[in-house]
Structures are given as C-alpha cells and as structure tokens.
Amino acid sequence: MATLLEQLRAFTTVVADTGDINSIEKFKPTDSTTNPSLIATAAAQPEYSSIVDDVLKQARTDAGSGATDEEVAKLAFKSLAVAFGKKILDIVPGRVSTEVDARLSFDTKASMDAAHDIIAQYDKAGISRERVLIKLASTWEGIKAAEQLETEGIHCNLTLLFGLHQAIACAEAKVTLISPFVGRILDWYKKDTGKDYVGADDPGVKSVTTIYHYYKKFDYKTVVMGASFRNIGEIKELAGCDLLTIAPKLLAELDATEGELPKKLDAEYAKTLDIQKIPMDKATFDKMHAEDHMAKDKLQEGIDGFSKALEDLEKLLAKRLSELAK
C-alpha cells in the first residue's frame, strides 16, 4: 500500500517547511518555504557555514571598510535568506518563499522596498520571478503591499494568517497564495479552553477548511497553503487543499505511514455550499480583527517572534564576522 505522503501528493502540492537543504533533498517537495526562525536555525548549523561566510564576505565588501560588524550583519541578513533560497531552487522544481523583514509588517512602503530588494537579488542571479514568492505578514499594510507587488509581476505569499477577514482581504487583493496557520490556532484554543482537539474538531483545521470553501465558492484565484502543523492528523484532515507546507519531521512520519488517505477538501463540493460573501474594506477588516481575539493575538505574537529571530540572526552574523576577522 502507498504511504500517506505518496497518496497526499496525488491531490495536494507538498511543500517543505524548512531552511534545511538536506531535508529538502531527502523529501523532494515541489516547493519550499522558509521563515526567519528557520533561516536562523539553518544558519547556525556547521554544514551551512560556507553559505553564511560567503554572504558575510560580500556584505563586508558592499558595506565598505568603515562599517561596523553590526552594520555589516544587518546588511548580510537581507541576503542570507536569498542565498538559501537559491540553493533550495537548485533542488525543488517549483518555487521558494522568501520573507520580508517582519519588523516592517505595519509599513506598506518599507515592505514593498524590501520585496523589491529581494526580487532584485533573484533577478541578478538569473532566477525567474515565477519561481519566487515574497512572504509578507497578513496585516492590512502587508496585504496592500502585496496587492501592488502583484501588479508588478511579483508574486506573494501572505503568512501569519489566522482569520477569515485576512483571507478575504488577500483574495480581494489578488495575491498568489496564502498560508493560514493550523497549529498555532490549535495552540491558542488549547491554552484558552484547556481542552485538546483532534481530527475535524481541530480549530486550525476548521479555519483552513472555511477559508478553502470560501475561496472555491467564489472562484478566487488565490490558492490556499495550509501551514504550521502539530501532527499528521491535521494534515490528513486537509488532504485536497491546494498546497500544504510541512516540516521535515512530519514529512518523515507521513512517508513512514501506510493506510487509506481520503480526500477531505474538494472545490466542486465547496461550490454547492450556502456561503455569504463578505465585502471587505479596511473598516471591516479592522472590526473583524478586533473581534477575533485569536487572530489578533497570534498575528502580533508571530510578528514579534519572527522579529526576535531576525535580531538573534543579526547577532549570530556579527559574531561570525568577528571570528572571520581574526
């Protein structure tokens, strides 16, 4: 009998949620996603020291001899995610997602400037824009940045997405892809209620299912990529979703498990559902966000977490710079 991973690939695009190139080579996903935490973890591993060192040396040259280690590190981190992205694209046949600095999440112009910088680096390396997704947090400002970027042929992946209002705003902005977080929603509800949830009762599974049905009901072109899984039960309940981005540990578990994997999400079924369309503007977005305590909490927590990961990465890079100078 085929493994769960083999069956999942039949109706869902499997994406690796990692910056670990060795894991990507092992599981051979179609696409790969990274985030600041994953890049920081990968950058600290000895086997990737040559990637880090090459980026640091180039940043030192670009910054000039008068720049401090901290200034060079800030410049280098902007290039490090692209350096990993280029390595990943040597392996996967599809796309890589590279994230804009989370500290810019509430600044539309700064987010766009950062996205242009990332794309320019990929352009310089001869990599087609069709193979790159710019990741932005699903704040109103991030969504507006993505809306403009999409008109320029720069495709976007809206992350840290927890509520239907965020998903609707992204679809109306015609972004390429969204990454609703399953496991982090589960975490919030477990903490809030003291209960555990399994299978279709998992609040994260319910959220992604609702978003998927809404998109297919109204024929939005934006695709749904479930993310942030805590167990393979969540993945099994979302089989049939457009894409699922899965960490190496869970990919390994799916690959080692046999059994039937029925398709749970179906676009044609979604069209039969009685769903009311919600007009979306900033006032509606802000109102729904304020009323959705989980989405409000997890969005800010995610931005704070990714921002801290970037600060830790900058410190790691500054430390490595001082070592290279010896």
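In what follows, the structure referred to is the one given above.
Residues numbered from 1 in each chain as written. Predicted model: local features only at pLDDT ≥ 70, side-chain atom pairs only at ≥ 80, totals over all residues. Heavy atoms only, no water.

1. Topic: the environment of Ile235
Part 1 of the reasoning: On the secondary structure map, Ile235 appears in helix H11 (residues 232-237).
Part 2 of the reasoning: Looking at Ile235, the relative accessible area reads 1%, which means it is buried.
Part 3 of the reasoning: Sequence-distant contacts of Ile235, defined by excluding residues within four places in its chain, comprise Leu8, Phe229, Leu244, Ile246, Leu250 and Leu254. (Helix = DSSP H or I, 4+ residues; strand = E, 2+ residues; numbered from the N terminus. Buried < 20%, exposed > 50% of the residue type's maximum accessible area, 1.4 Å probe, protein only. Contact = heavy atoms within 4.5 Å.)

2. As for helix H10 (residues 203-217)
Residues separated by three or four positions in an α-helix point in the same direction, a consequence of the helix having 3.6 residues per turn.
Part 1 of the reasoning: Compared with an ideal rise of 1.5 Å per residue, which puts 15 residues at 21 Å, H10 spans 21 Å between its outermost C-alpha atoms and is within 8% of the ideal.
Part 2 of the reasoning: Of all 15 residues in H10, 12 are buried; the element is thus mostly enclosed.
Part 3 of the reasoning: All of the buried residues along H10 are Pro203, Gly204, Val205, Ser207, Val208, Thr209, Ile211, Tyr212, His213, Tyr214, Tyr215 and Lys216.
Part 4 of the reasoning: Where H10 begins, the capping side chain belongs to Asp202, and its oxygen is found 2.7 Å from the backbone nitrogen of Gly204. (Expected span 1.5 Å × (residues − 1). Polar contact = N/O pair within 3.5 Å; in protein donor to acceptor, adjacent residues only side chain to side chain.)

3. Brief notes about the environment of Tyr122
Part 1 of the reasoning: For Tyr122, the position within the fold is in helix H6 (residues 108-124).
Part 2 of the reasoning: Relative accessible area serves as the criterion here: at 0%, Tyr122 is assigned to the buried category.
Part 3 of the reasoning: For the pair Tyr122 and Val132, spaced 10 residues apart in the sequence, the C-alpha separation amounts to 8.1 Å.
Part 4 of the reasoning: Every residue in contact with Tyr122, bar those within four places of it in the chain, is listed here: Ala81, Val82, Gly85, Lys86, Leu89, Val96, Thr98, Ile127 and Val132.

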